[in-house]
Amino acid sequence: MLNAKLTLAAHSDHQTLVKLSEQVAFGGREFVIIGGPCTVESRLQMETVATQLQHAPVQALRGGVFKPRTSPYAFQGLGIEGLEILSDVRQRHNLPVVTEVMSIAQIESIVTYADMLQVGSRNMQNFDLLKALGQAEKPILLKRGLAATVEEFVMAAEYILSHGNPNVVLCERGIRSFDNYTRNVLDLGAVVALKQLTHLPVIVDPSHAVGKRELVAPLAKAAVACGADGLIIECHPEPEKSVSDARQALSLEDMVDLVHSLRPIAAAVGRTIPEVKSLAELSVAA
Ligand code: PEP
Ligand code: MN
């Protein structure tokens, strides 16, 4: 049983709004979509992503610069150089950016460059990291552990909140099971449960849940329909060439089409997805 004293236990009249920027917040009527590659690979790659995704539009960009790779010999990310790329693209396109933090030592630099810090599945129960993020002055995207129960997930969020940071967004990204046809199993039941158990926004990552691009769009639709507050989806200018998670990356064109296809579903469940801005409104700094 979940501890009734939880600071994040749901109260029927309270839903936490987690602000990502002046324009974007998780947990309100507006459904929030984050798009971008698994890994920041180059300035051109991120610039192309940001430019193309204005046609969706997405409200935020993602891209890892410190990557938790299964093999120590796989590309580990661009590090600070990647943060500089993210921060430039963020400014030019006026789009907030989300990137993963793997250690306490990385918090200071990521907080300087990014708008939201992602705690990856492999670190969901890194309690020292969670406590340190409780002191950070940026919102946290907490992904569910590879095999974490709902209670363990909620308790991990509780670590961050109880150490002083109320701005936590939960992310269901699939859990391990016996069948490896899909990379993981997307637990939409947990999304509904988390919305009932806590007052935190809950978003869904269908990309890591299924691991195959052709399965991403239908599950993104299901996530909107079941009441999630947003999505985080991997996409890439040349999906097959992605340095990581190539098999699950959508093309930028497919990402734009997907966002358009979500609008009527969002409307049916009382949510909105922003419309594409007119050319005059699209402000890209020179
Ligand atoms: C990612 O978002 O690229 C990632 C590594 O996700 P997860 O921690 O859910 O595996
Ligand atoms: Mn990935």
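Calculation criteria
- Residues numbered from 1 in each chain as written.
- Chains lettered and ligands numbered in written order.
- Predicted model: local features only at pLDDT ≥ 70, side-chain atom pairs only at ≥ 80, totals over all residues.
- Heavy atoms only, no water.
- Helix = DSSP H or I, 4+ residues; strand = E, 2+ residues; numbered from the N terminus.
- Rg over C-alpha atoms; globule rule 2.2 N^0.38 Å.
- Buried < 20%, exposed > 50% of the residue type's maximum accessible area, 1.4 Å probe, protein only.
- Contact = heavy atoms within 4.5 Å.
- Lys, Arg positive; Asp, Glu negative; His and termini not counted.
- Charge placed at Lys NZ, Arg CZ, Asp CG, Glu CD.
- Near = heavy atom within 4 Å.
- Polar contact = N/O pair within 3.5 Å; in protein donor to acceptor, adjacent residues only side chain to side chain.
- Nonpolar A, V, L, I, M, F, W, Y, C, P; charged D, E, K, R; others polar.
- UniProt positions renumbered as here; feature names shortened; annotations may be inferred.
- Donors = N, O, S within 2.8 Å, 3.2 Å for Na, K, Ca; no water.
- Phe/Tyr/Trp six-rings, centres within 6.5 Å; stacked < 30°, edge-to-face > 60°.
- Lys NZ or Arg CZ within 6 Å of the ring centre and 35° of its normal.
- Disulfide = S-S within 2.5 Å.
- Salt bridge = Lys/Arg side-chain N within 4 Å of Asp/Glu carboxyl O.
- Axes fitted to C-alpha atoms, helices over the stretch in contact; angles between N-to-C directions.
- Parallel < 35°, antiparallel > 145°, perpendicular 65-115°, else oblique.
- Left-handed = near helix turned anticlockwise from the far one by under 90°.
- Pairing = 2+ DSSP bridges.
- Right-handed = clockwise from strand over helix to strand, strands pointing away.
- Expected span 1.5 Å × (residues − 1).

1. Things to note about the overall build of the chain
Move 1: A tally of helices and strands in the chain yields nine helices and eleven strands.
Move 2: For the chain, the C-alpha radius of gyration of 17 Å lies close to 19 Å, the compact-globule estimate for 286 residues.
Move 3: If one aligns the C-alpha atoms of the chain with their principal axes, the spans along those axes are about 50 × 45 × 40 Å.
Move 4: Burial status across the chain gives 53% buried among its 286 residues.
Move 5: Put simply, of all contacts in the chain between residues at least 6 apart along the chain, 69% involve residues at least 24 apart.
Move 6: Of the side chains in the chain, 26 bear a positive and 31 a negative charge, and the two mean positions are spaced by 2 Å.

2. Structural notes on the site of ligand 1
Move 1: The local shell around ligand 1 consists of Cys 38, Arg 62, Lys 67, Glu 100, Gln 118, Gly 120, Ser 121, Arg 122, Lys 143, Arg 173, His 208 and Glu 234.
Move 2: One nitrogen or oxygen atom from the main chain of Ser 121 is found 2.8 Å from an oxygen atom belonging to ligand 1.
Move 3: At 2.9 Å, a side-chain N or O of Lys 143 approaches an oxygen atom of ligand 1.
Move 4: For the shell around ligand 1, a count of residues per class yields one nonpolar, four polar and seven charged.

3. Side note on the UniProt feature "domain: DAHP synthetase I/KDSA" (unreviewed entry) in the chain
Move 1: Residues annotated in UniProt with the feature "domain: DAHP synthetase I/KDSA" (unreviewed entry) correspond here to residues 18-258.
Move 2: Between the first and last C-alpha atoms of residues 18-258 the distance is 24 Å; the span itself is 36% helix and 17% strand.

4. Quick word on the coordination of the manganese ion (ligand 2)
Move 1: In this structure, Cys 38 (SG), His 208 (NE2), Glu 234 (OE) and Asp 245 (OD) serve as the protein donors to the manganese ion (ligand 2), at separations of 2.1 to 2.4 Å.
Move 2: Mapped onto the sequence, the residues coordinating the manganese ion (ligand 2) show the spacing C-x169-H-x25-E-x10-D. Here His 208 is found in helix H7 (residues 206-210), whereas its partner Glu 234 is found in strand S10 (residues 230-236), with 26 residues between them in sequence. No difference in accessibility class separates His 208 from Glu 234, as the two residues are buried.

5. What about the packing of aromatic side chains?
Move 1: Under the criterion given, the structure shown has one aromatic pair.
Move 2: If you follow Lys 212 out to its NZ or CZ, it ends over the ring of Tyr 181, 3.2 Å from the centre.

6. Topic: the state of the cysteines
Two cysteines joined by a covalent bond between their sulfur atoms form a disulfide.
Move 1: This structure, assessed with the given rule, holds zero disulfides.
Move 2: Not engaged in a disulfide, the cysteine Cys 171 finds its nearest cysteine sulfur in Cys 226; these two sulfurs lie 12 Å apart.

7. Considering the pattern of salt bridges
Move 1: Applying the stated criterion across every chain yields a total of 14 salt bridges.
Move 2: In this structure, Asp 245 engages Arg 183 in a salt bridge whose closest nitrogen and oxygen atoms are separated by 3.1 Å. In this pair, Asp 245 is assigned in the loop between S10 and strand S11 (250-251) and Arg 183 in the loop between strand S8 (168-172) and helix H6 (188-197), connecting sequence segments 62 residues apart.
Move 3: Residue Asp 229 pairs with Arg 271 through a salt bridge whose shortest N-O separation is 2.8 Å. In this pair, Asp 229 sits in the loop between helix H8 (216-225) and S10 while Arg 271 sits in the segment after helix H9 (252-268), placing the two residues 42 residues apart along the sequence.
Move 4: Residue Asp 229 is classed as buried on the basis of its relative accessible area of 1%.
Move 5: Judged by its relative accessible area of 12%, Arg 271 is buried.

8. Details of the packing of H8 against H9
Move 1: Contact geometry of H8 with H9 gives a least axis separation of 9 Å together with a crossing angle of 30 degrees. Put simply, H8 runs roughly parallel to H9. The chirality of how H8 crosses H9 is right-handed. The segment H8 lies against H9, with Ala 217, Ala 220, Lys 221, Val 224 and Ala 225 engaging Leu 258, Ser 261, Leu 262, Ile 265 and Ala 266.
Move 2: Split by residue class, the contact of H8 with H9 holds eight nonpolar, one polar and one charged.

9. Details of the pairing of strand S6 (residues 116-119)
Move 1: Judged by which residues are buried, S6 turns out to be covered on both faces: Met 116 and Gln 118 on one side and Leu 117 and Val 119 on the other are all buried.
Move 2: Where strand S5 (residues 97-100) and S6 come together, three bridges link them in parallel fashion. Paired with Glu 100 across the two strands is Gln 118, which belongs to S6.
Move 3: Note on the crossover from S5 through helix H3 (residues 104-113) to S6: the handedness is right-handed.
Move 4: Pairing between S6 and strand S7 (residues 140-143): three bridges, direction parallel.

10. With respect to helix H5 (residues 150-162)
Move 1: Compared with an ideal rise of 1.5 Å per residue, which puts 13 residues at 18 Å, H5 spans 18 Å between its outermost C-alpha atoms and is within 8% of the ideal.
Move 2: Those residues of H5 lying buried are Phe 153, Val 154, Ala 156, Ala 157, Glu 158, Ile 160 and Leu 161.
Move 3: Along its buried surface, H5 packs onto helix H4 (127-133), S7, S8 and H6.

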